[in-house]
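Fold and geometry: a report
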Amino acid sequence: MKLSYPCPSARSLRGLSLLICASALPFSLFADGPKPKDVNGTRIITTITKTGETPAPQDLTTTVISAYVPDGLGGFTIIPGVGLANGSFSIP
């Protein structure tokens, strides 16, 4: 049986947020499921001008980085992460 959990809306979070929903990730966090691996990534902003595109990392030092993981009881456990100035983020 596959269970589906809705992700919380990013609009319900205050300020600038990067939202990762655990139901979209390829693992289960229930007691009998496999242990999750770290979630890592980089946020790149592409500026488009008349002369072309310029990709640059976004400073994530003030961005809320979190994963919402289904707790098996109809709610979510929030796992905090960290964002760096070079645009990278990690959720352990």
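Position numbers for residues count from 1 along each chain, tracking the sequence in the order it is written. Per-residue local features are limited, in this predicted model, to residues with pLDDT of at least 70; the limit for side-chain atom pairs, both in listing and counting, is 80 or more; totals at the level of whole chains, interfaces and linings are taken over all residues. The basis for the side-chain values is all heavy atoms of the structure; hydrogens and waters are excluded.

A few words now on the overall build of the protein chain. Along the protein chain, the regular secondary structure elements total zero helices and eight strands. Note on conventions: DSSP H or I runs of at least 4 residues are helices, E runs of at least 2 residues are strands, and numbering of each starts at the N terminus. For the protein chain, the sequential pattern of α-helices and β-strands runs β-β-β-β-β-β-β-β. Residue burial is assigned from relative accessible area. The probe radius is 1.4 Å, only protein chains are included, and a residue is buried under 20% of its type maximum, exposed over 50%, and partly exposed in between. Burial statistics for the protein chain: of 92 residues in total, 23% are counted as buried. For the protein chain, restricting intrachain contacts to residue pairs at least 6 apart in sequence, the fraction spanning at least 24 positions comes to 52%. When the accessible surface of the protein chain is totalled, it reaches about 6600 Å², and 59% of it is carbon and sulfur. Here, residues are in contact when the closest pair of their heavy atoms is within 4.5 Å. Method for areas: the Shrake-Rupley scheme with a 1.4 Å probe, in which residue coverage is limited to the protein chains shown.

Criterion used throughout: strands pair if DSSP finds at least two bridges between them. With respect to topology, three strands assemble into an open sheet ordered 2-8-7, the strand pairing being antiparallel. A single partner strand is all that each edge strand has here, and the edge strands are strand 2 (39-42) and strand 7 (82-83). Note: strand 7 against strand 8 (residues 88-91), two bridges, orientation antiparallel. The partner of Val82 across the bridge, within strand 8, is Ser90.

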